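Close look at the chain arrangement
Below are the chains, spelled out letter by letter.
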Amino acid sequence: MERALRQALSQPGSAIQEAAAWDGSAVSRFLSGQQGVLISKIDALVNAAGYVLVSRKYLDAIGTLGEVGMYCHCARAGAGECGPARQGQDGEQQVIHFRGARP
């Protein structure tokens, strides 16, 4: 976040500067560590930088859903729980082909 804010605030009149309602001297004080951000402005600054704040729990859930979603053709083909590394009984990696799945 620091890098994104510093980069954006190096441009006079940036969306972040406008969101915080800062003039040039306020930006300078913020970048030098002499001024903070009002708690009521945090969401606006993060949004102006093009980011959104989410919890780690949310990101972990999205990661799990992404992993399962990428390999869900295994379950749809009746091959059990999905996952990137499936091995057969002989220890070889098992490849499940499902019509309509992306290679």
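In the block above lies the structure referred to throughout.
Since this is a predicted model, take the numbers as computed values, not measurements.

1. Some thoughts on the nonpolar core
One broad trend across soluble globular proteins is that nonpolar side chains are buried collectively. By size, the foremost hydrophobic cluster in this structure holds nine residues: L5, L9, I16, A20, W22, A26, V27, F30 and L45. Apart from the residues within four sequence positions on either side, I16 is in contact with A4, L5, A8, L9, L45, A48 and A49.

2. Quick notes on helix 1 (residues 2–9)
The set of residues buried in helix 1 consists of A4, L5 and L9. Projection of helix 1 onto a plane perpendicular to its axis shows the buried side chains occupying an angular sector of 115°, all on one side. Opposite the buried face of helix 1, by more than 90 degrees, sit the exposed residues R3 and Q7. Buried residues in helix 1 make contact with helix 2 (15–20), helix 3 (24–31) and helix 4 (42–48).

Rules of the game
- Residues numbered from 1 in each chain as written.
- Predicted model: local features only at pLDDT ≥ 70, side-chain atom pairs only at ≥ 80, totals over all residues.
- Heavy atoms only, no water.
- Core = buried A, V, L, I, M, F, W, Y, C linked by side-chain atoms within 4.5 Å.
- Buried < 20%, exposed > 50% of the residue type's maximum accessible area, 1.4 Å probe, protein only.
- Contact = heavy atoms within 4.5 Å.
- Helix = DSSP H or I, 4+ residues; strand = E, 2+ residues; numbered from the N terminus.
- Arc of directions from axis to C-beta.

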